[in-house]
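What follows is the residue order along each chain.
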Amino acid sequence: MTGKTPQNIVIFNVFGHLNMGDAMLVESLVDIIRERYPQAQLSGLAFDVESQRLWMPDIAWTERVATKVGGRGLPAKARQAFTLFVALAIASNKNLFFLRYLLPSRQREGLEALARADIAFSCPGGYLEDSNRAYLLNMLQVMLAARLSKKVIFAPQSVGPVRSSFGRRVIASVLKHIDKVFVREQSSMAFVTELHGSKPRNVEESGDLAFWYHRAPEGIDEEWIKIGVDPSKPILGMTILYWNFPHASDPESAEQAYLSSLSSLADKAISDGYQVVIFNQVASDLPTIGKFEAINDRAIIDRGERSCGKLAAMIAQCEIFIGSRFHSCIFGLIGGVPTGAIAYLPKTSGIMKDLGLSRYVTAIDDLTPERVFSLYDTLRKNPQGIAKQIRTAVAHYREENNAFVAYLANDGTPAS
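These numbers come from a predicted model, not from an experiment. Numbering of residues begins from 1 in every chain and follows the order in which that chain's sequence is written. Under the rules for a predicted model, residues below a pLDDT of 70 receive no local features and side-chain atom pairs below 80 are neither given nor counted, while totals for whole chains, interfaces and linings still include all residues. Excluded from the side-chain calculation are hydrogens and water; included are all heavy atoms of the structure.

1. Some details on the overall build of the protein
- Think of it this way: any DSSP run of H or I at least four residues long counts as a helix, any run of E at least two long counts as a strand, and we number them from the N terminus. A tally of regular secondary structure across the protein gives 16 helices and 14 strands.
- Relative to the 2.2 N^0.38 estimate, which gives 22 Å for 416 residues, the radius of gyration of the protein is 22 Å and therefore close to what a compact globule would have.
- Seen through its principal axes, the protein has C-alpha atoms that stretch 65 × 55 × 45 Å.
- Counting across all 416 residues of the protein, residues that qualify as buried make up 55%.
- A separation threshold of at least 6 residues defines the contact pool for the protein, and within that pool the share at least 24 residues apart is 71%.
- Here the protein has roughly 17,800 Å² of accessible surface; of this, 51% comes from carbon and sulfur atoms. Between the two quantities, the radius of gyration covers C-alpha atoms and the globule rule is 2.2 Å times the number of residues to the power 0.38. Note on exposure labels: buried denotes an accessible area under 20% of the residue type's maximum, exposed denotes more than 50%, and partly exposed covers the range between, all computed with a 1.4 Å probe on protein chains only. Between two residues, a contact is recorded if the distance between any of their heavy atoms is within 4.5 Å. The protein chains shown are the only cover counted for residues, whose accessible areas, like all others here, come from Shrake-Rupley with a 1.4 Å probe.

Okay, structure coming up:
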């Protein structure tokens, strides 16, 4: 980013602060941007504008294009389809930018923010994969930024897997027009390299920004009291996620096996003297957590909504943590907690491999009590030794995977 200091910066592909993993990444990105460019005007394009304004009121939030408009039924779907048509037209030809006046005001303001942007950052995360078709709408936001903004940077994120030939062509085509793409694990680098036949010059591997999260919270004791936990006694923390098991022959049976295995783990840990707490990281996981509660009423279910900092601090006070949501695992790792991860996407196994912690990972597919018991027993045998190993791994990861932070610090030139 040589030349003029950026005055207008936009972050886009923001999905809501009720997902504590995404929120942590957005907060980390915002902190890094503001430290580097304290005078820049910061705007954001979000899926849910009102929640973002409550969460970060000092950012000028607008709505991303083709977000569902008000109402129900066919008229609402028709209006959304029209906004999608307009967005595709502008993404294909900047000369059609005048069509923005046909959009709802907040979506028009979002496009105008992109057009003013000296730099547009696609938020870090794991939203460019094909477990559902939303990745195509996310790629549309990237296409618009590439068409309208002066410079577009992918903050460290996962790319892939995408199995359809159409989706792969879309991603390969769009990535060519991005100024700089940071991927956060080797599996994403391998996917992008496969798409292009060789490693693209604009793509570089960098660490997950969650490992740079440092906001300090207050009032943790009050949070424990709210959910009926004594923090002076051993705690096994867990997260449970909603997952559609897209590649299972029988997704319903796969989900039942997953929940049954975690229920068996909870019973075993309780018999070993632990308080078992199921944390709420993502609001959309709560129905699945409810299914878990229906088969196990001994674990403590935390349905509370709190800041990323408070959730991170609570997980850091656990004696052992086993998470399905990977950013909850990162909360455990940066807190030095013996942490096991249940991998539902390659990002989990990929980042744990980058950390040198692959032995503390098990796959969500065909999960069994025996596999999760093995992970639990491994973590429990030598907690102090594992905690030391994790702290060393995290420090090394930050040192060796700071390409994104270094890129901004050096105004877009490679660090020497």
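2. Topic: the packing of aromatic side chains
- Paired rings are identified among Phe, Tyr and Trp, the last through its six-membered ring, by centres lying within 6.5 Å, and are further divided according to the angle between planes into stacked (under 30 degrees), edge-to-face (over 60) and tilted (the rest). Applying the stated rule across the entire model yields 11 aromatic pairs.
- Note on F121 and F404: the rings are 6.2 Å apart at their centroids and 80° apart in plane angle, and the pair reads as edge-to-face. Here F121 is found in strand β4 (residues 119-122), whereas its partner F404 is found in helix α16 (residues 403-409), with 283 residues between them in sequence. Taken individually, F121 and F404 each receive the classification buried, so the pair is uniform in this respect.
- Every member of this aromatic cluster is reached through a ring pair, and the members are F121, F182, F404 and Y407.
- The ring of F373 carries K268 above its face, with NZ or CZ at 5.5 Å from the centroid. Our definition puts a charge over a ring when NZ of Lys or CZ of Arg is within 6 Å of the ring centre and also within 35 degrees of the ring normal.

3. Concerning the nonpolar core
- Note on terminology: a nonpolar core comprises buried Ala, Val, Leu, Ile, Met, Phe, Trp, Tyr and Cys residues joined through side-chain atoms within 4.5 Å. Of all hydrophobic cores here, the largest spans 144 residues; its most connected members are I11, L114, F121, Y258 and F404.
- The element contributing the most residues to this core is helix α1 (residues 20-36), with nine residues.
- Setting aside its immediate chain neighbours within four residues, L114 contacts V10, F12, L45, A120, L144, A145, L148 and S149.

4. Things to note about the pairing of strand β1 (residues 8-14)
- With six of seven residues buried, β1 is to be regarded as a mostly interior element.
- As judged from the five bridges shared by β1 and strand β2 (residues 41-46), these two strands associate in the parallel manner. Bridge pairing links V14 to A46 in β2.
- In this scheme, strands are said to pair when DSSP sees at least two bridges between them. As paired elements, β1 and β4 share four bridges and run parallel to each other. Paired with I11 across the bridge in β4 is F121.

5. Some details on the environment of I300
- Tracing the backbone shows I300 in strand β11 (residues 300-301).
- Separated by 108 residues in sequence, I300 and L408 have C-alpha atoms that sit 43 Å apart.
- Leave out the neighbours within four places in its chain, and I300 touches I227, G228, V229, V276, V277 and I278.

6. Remarks on helix α13 (residues 346-355)
- With seven of 10 residues buried, α13 is to be regarded as a mostly interior element.
- Here α13 has its buried residues at K347, T348, G350, I351, M352, D354 and L355.
- Positioned one or two residues after α13, G356 has a phi angle of 80°, which is positive.

7. Side note on the pairing of strand β12 (residues 320-323)
- The alternating pattern of β12 places I320 and I322 and F321 and G323 on opposite faces, both of which are buried.
- Alignment of strand β9 (residues 235-239) against β12, held across four bridges, turns out to be parallel. Note that in β12 the partner of G237 across the bridge is F321.
- A crossover connection joins β12 to the parallel strand β13 (residues 339-343) through helix α12 (residues 326-334); in handedness this β-α-β unit is right-handed. By convention, orient the strands away from the viewer: a clockwise path from the first strand over the helix to the second makes the crossover right-handed.

8. Considering the side chain of Q107
- Mapping Q107 onto the fold places it in helix α4 (residues 105-116).
- Distance and chemistry together define a polar contact, namely a pair of N or O atoms within 3.5 Å, with one atom able to donate a hydrogen and the other to accept it when in protein, and with adjacent residues in sequence counting only for side-chain atoms on both sides. Reaching out from Q107, the side chain makes a polar contact with the side chain of E63 at a distance of 3.1 Å.
- At a separation of 3.0 Å, a polar atom in the side chain of Q107 contacts the main-chain amide nitrogen of A66.

9. Looking at helix α7 (residues 186-196)
- Among the residues of α7, S188, M189, F191, V192 and L195 are the ones counted as buried. The buried residues of α7 all sit within an arc of 160° when viewed along its axis, so they share a single face.
- Positive phi shows up at G197, right after α7, with a value of about 85°. Here the arc refers to the directions that run from the helix axis out to each C-beta atom.

10. Topic: the sheet that holds strand β14 (residues 361-363)
- One open sheet accounts for six strands, arranged β11-β10-β9-β12-β13-β14; its pairing is parallel. The open sheet has two free edges, formed respectively by β11 and β14, since each of these has just one partner strand.
- Direction of pairing for β9 relative to strand β10 (residues 275-279): parallel, over a ladder of five bridges. Paired with I235 across the strands is Q275, a residue of β10.

These figures come from the coordinates and say nothing about function on their own.
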